Amino acid sequence: MLEFMIERMTRKKLANIEFSRIEPELPKDKDEIGLYIHIPFCKTPCPFCAYIRYPFNPKLERPYIEAVKKEIDLYRKVLGNVKINSIYVGGGTPTIMPEGVADILKHVRSAFDVSSDIGVESNPDDLNEKTLALLLDAGVSKLSTGVQSFSDKILKSIGRRSHDAKQALDAIELVMNNGGFDTFSIDLMFSLPTQSLADLKGDLDIVIEKGVPQVATYPLLLFPYCEMYHDVKENKIELPNKKVEKKMYDVIVNSFIDAGYEPCSVWSFTKNGIDKYGSVERDEYIGVGAGAMSSVGEYFYANTASVEEYIQALGNGSLPITTGARSSLEGIAARWLSMSLYETGFDKREFKNRFGMDVDEKFKSFLRWLKLFGVIKVEGDHVQVTRKGMYPIHLMTKTFLLTFIAKACVACMENPKPLNLRSS
Ligand SMILES: C[S@@+](CC[C@H](N)C(=O)[O-])C[C@H]1O[C@@H](n2cnc3c(N)ncnc32)[C@H](O)[C@@H]1O
Ligand code: SF4
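Along each chain, residues carry numbers from 1 onward, in the same order as the chain's sequence is written. Each chain is given a letter, starting from A, and each ligand a number, starting from 1, according to the order in which they appear as written. In keeping with the model being predicted, local features are shown solely for residues with a pLDDT of at least 70 and side-chain atom pairs are shown and tallied solely at 80 or more, while totals for entire chains, interfaces and linings include all residues. Computation of side-chain values covers all heavy atoms of the structure but excludes hydrogens and water.

Considering the overall build of the protein chain
- The secondary structure content of the protein chain amounts to 15 helices and 18 strands.
- Restricting the calculation to C-alpha atoms gives the radius of gyration, and the globule rule supplies 2.2 Å times the number of residues raised to the power 0.38. Against the globule reference of 22 Å for 424 residues, the protein chain gives a C-alpha radius of gyration of 21 Å, in line with a compact fold.
- Projected onto the principal axes, the alpha-carbon positions of the protein chain cover approximately 55 × 55 × 45 Å.
- Residue burial is assigned from relative accessible area. The probe radius is 1.4 Å, only protein chains are included, and a residue is buried under 20% of its type maximum, exposed over 50%, and partly exposed in between. Of all 424 residues assigned to the protein chain, the portion counted as buried reaches 58%.
- The contact definition used throughout considers only heavy atoms, calling two residues in contact when any of these lie within 4.5 Å. Considering only contacts in the protein chain between residues 6 or more positions apart, those separated by 24 or more positions represent 77%.
- Counting every atom, the protein chain has about 18,200 Å² of accessible surface; 50% of that belongs to carbon and sulfur.
- In this tally, Asp and Glu contribute negative charge and Lys and Arg positive charge; neither His nor the terminal groups of the chain are included. Where a charge sits is defined by one atom per residue type, namely NZ (Lys), CZ (Arg), CG (Asp) or CD (Glu). Taken together, the 53 basic and 56 acidic charged side chains of the protein chain have centroids lying 5 Å from each other. Secondary structure elements follow DSSP: runs of H or I no shorter than four residues count as helices, runs of E no shorter than two count as strands, and numbering proceeds from the N terminus. What sets the accessible areas is the Shrake-Rupley method with a 1.4 Å probe; for residues, cover comes only from the shown protein chains.

As structure tokens, this is what we get:
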């Protein structure tokens, strides 16, 4: 009942948001802002993948890196002397071009005052001594790698061809023995074709036994443009039903909590209070790269998903933005609140500082309702998602991604022509 209501309410709230070819407000007069860098290439793209990515074409590597550096320069003109308070390099697969990533990061440092850690996503099959050294040398302190499962049967069932379970285990050992990164996180997925509860438990036991410091566990999200989405619709692939997915989620939470991990979001768990790896941002950020998204003021906007259009726009000296959505202050505050609940809690004073209003006044009935159903508990100014509340918030986040973010991805793929915005 509670689950049904939370899913329906989230869908209803987001139903009216549409992406269109509006000119967004550019991030002027900011003291600080986050930076996301997108590398949209993969050795062997996976049929389930929800991200903007293409098979790697080495000929595009250098032009793409140069275009990203030009986009950084254009934002430097817009932003002036701003402080960069978070940097994530995601994809696709950034580690397909580690030298390129290092080159881009060097450029970011030359353009901006960087006060943050740097996080990079990787594929296990790319991780070797040389790549780790390159990343550390470039100032990367947070590394995550996508394992998905330690079962070759499951990797096959999801069409993951870039590595097998043994390569993932070797990569984990290599990074953990290296010891150079402050944060190391692995991604697992659940609710996958042919996956049983026992398969999932096997994966969790390995993470715990290896002592991996952080793990993100994503439920399979099928966006309408994923190859696997169509296979599921046409009944070529069967997925665990909702009841099994809930059981899987419970097994994940219980296993990690029993093993001494703490939730740092409803989908990730960390050990020994290490600084978490998390590319999901609730504060303002700019995204550079083909298909990258930005969240600035009232606008959430996306760059063209086309690598060719992206390179061409920057060659012409214009920003590659193609589509966006404008939200009211209440809409932005609601998004901040959902992201904070996804991260398992927040301080009411943070909300007040950011939006100049009391969260209790603005979202009175929503918060009262969450409290009544035991989803949150409130102690002084601190709002904490309870153990019981984690599953409903998991559903809320899933619905948010499958509606809002899916719409943004579809819009930047369907509108490859950038708006040709100048930075001044
Ligand atoms: C953008 S990928 C980058 C990491 C790297 N390319 C890899 O696959 O190892 C980050 C993570 O997103 C997750 N992911 C990708 N597609 C997903 C989907 N459709 N549903 C849920 N999680 C997904 C995977 O766990 C993946 O490791
Ligand atoms: S999951 Fe990772 S490797 Fe697979 S297509 Fe997506 S970004 Fe590429």
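Focus: the domain arrangement of the protein chain
- Residue ranges for the domains originate in an automatic or database domain assignment. Domains assigned within the protein chain are domain 1 (1-17 + 329-414) and domain 2 (18-270).
- At the junction of the two partners, domain 1 supplies 28 residues and domain 2 supplies 26 residues.
- Interface of domain 1 and domain 2: buried area, both sides summed, is about 2,200 Å²; carbon and sulfur atoms make up 71% of it.
- Per-residue buried area on domain 1 facing domain 2 is highest for Arg387, Met390 and Tyr391; these three make up 26% of the total on that side.
- The salt bridge criterion pairs a side-chain nitrogen of Lys or Arg with a carboxyl oxygen of Asp or Glu, the two atoms within 4 Å. Our count for the domain 1 to domain 2 interface comes out at 4 salt bridges.
- Glu7 is the salt-bridge partner of Lys242, the closest N and O atoms lying 3.4 Å from each other.
- Of all the secondary structure elements, the ones that give two or more residues to the side of domain 1 that touches domain 2 are helix 1 (2-14), helix 11 (329-342) and helix 15 (390-414).
- No other element matches helix 15, which puts 18 residues into the side of domain 1 that touches domain 2.
- We call Asp, Glu, Lys and Arg charged. Ala, Val, Leu, Ile, Met, Phe, Trp, Tyr, Cys and Pro are nonpolar, and the rest, Gly among them, are polar. Tallied by class, residues from the side of domain 1 that touches domain 2 come to 18 nonpolar, 4 polar and 6 charged. Buried area, as used here, totals the accessible surface that two parts lose on assembly, with accessibility defined by a 1.4 Å probe and the loss added over both.

A look at the site of ligand 2
- Working definition: residue near molecule or strand if any one of its non-hydrogen atoms lies within 4 Å of it. Inspection of the region around ligand 2 gives Cys42, Pro45, Cys46, Phe48, Cys49, Arg53, Gly92, Thr93, Asn123 and Arg160 as its neighbouring residues.
- The residue inventory of the shell around ligand 2, partitioned by class, reads 5 nonpolar, 3 polar and 2 charged.

Some details on the pattern of salt bridges
- The tally for this structure, following the rule as stated, stands at 26 salt bridges.
- Two residues, Asp103 and Arg62, come together in a salt bridge whose shortest N-O distance is 3.0 Å. With Asp103 in helix 3 (residues 98-111) and Arg62 in helix 2 (residues 58-79), the pair connects residues that are 41 residues apart, well separated along the chain.
- Lys362 is the salt-bridge partner of Glu330, the closest N and O atoms lying 3.9 Å from each other. Linking Glu330 in helix 11 with Lys362 in helix 13 (residues 359-362), this pair joins segments that are 32 residues apart in sequence.
- Residue Glu330 is classed as partly exposed on the basis of its relative accessible area, which comes to 38%.
- On the accessibility criterion, Lys362 (35% relative accessible area) is partly exposed.

Digging into the pairing of strand 15 (residues 321-326)
- Of all 6 residues in strand 15, 5 are buried, a share of seventy percent or more.
- Strands qualify as paired when DSSP identifies two bridges or more between them. Across 5 bridges, the pairing between strand 14 (residues 299-303) and strand 15 is antiparallel. Residue Tyr301 lies in a different strand from strand 15, and its bridge partner there is Gly324.

Focus on the site of ligand 1
- Neighbouring ligand 1 are 19 residues; Phe48, Asn123, Gln148, Asp187 and Leu221 lie closest to it.
- Separating an oxygen atom of ligand 1 from a backbone N or O atom of Gly146 is a distance of 3.2 Å.
- The protein chains hide 95% of the 550 Å² of surface that ligand 1 would expose on its own.
- Looking at the shell around ligand 1, the elements that each hand over two or more residues are strand 6 (118-122), strand 7 (142-148), strand 8 (183-190) and strand 9 (214-219).
- Residue composition of the shell around ligand 1, grouped by class: 9 nonpolar, 7 polar and 3 charged. What qualifies as a polar contact is a pair of N or O atoms within 3.5 Å, subject to a donor-acceptor requirement within protein and to the restriction that residues adjacent in sequence count only when both atoms come from side chains.

Thoughts on the packing of aromatic side chains
- Two aromatic rings from Phe, Tyr or Trp, using only the six-membered ring of Trp, form a pair when their centres are within 6.5 Å; if the ring planes differ by under 30 degrees the pair is stacked, by over 60 it is edge-to-face, and anything between is tilted. Counted under the stated rule, the structure contains 20 aromatic pairs.
- Here Phe190 and Tyr249 contribute two aromatic rings whose centre-to-centre distance is 6.4 Å and whose plane-to-plane angle is 35 degrees, an arrangement assigned as tilted. Remark: Tyr249 occurs in helix 9 (residues 242-258) and Phe190 occurs in strand 8; sequence separation between them is 59 residues.
- Grouped by ring-pair contacts, the aromatic residues Trp336, Phe346, Phe351, Phe355 and Phe363 constitute a single cluster.
- By definition here, charges over rings are those cases where NZ of Lys or CZ of Arg is within 6 Å of the ring centre and within 35 degrees of the ring normal. Above the ring of Tyr391, the side-chain terminus of Lys246 is found at 4.9 Å from the ring centroid.

Quick look at helix 11
- Multiplying 1.5 Å by the residue count of a helix minus one yields the expected span of that helix. For helix 11, with 14 residues, the first-to-last C-alpha span of 20 Å sits near the 20 Å given by 1.5 Å per residue.
- Among the residues making up helix 11, those that are buried are Ile332, Ala333, Arg335, Trp336, Leu337, Met339, Ser340, Leu341 and Tyr342.
- With its phi angle positive at about 75 degrees, Thr344 sits one or two positions after the end of helix 11.

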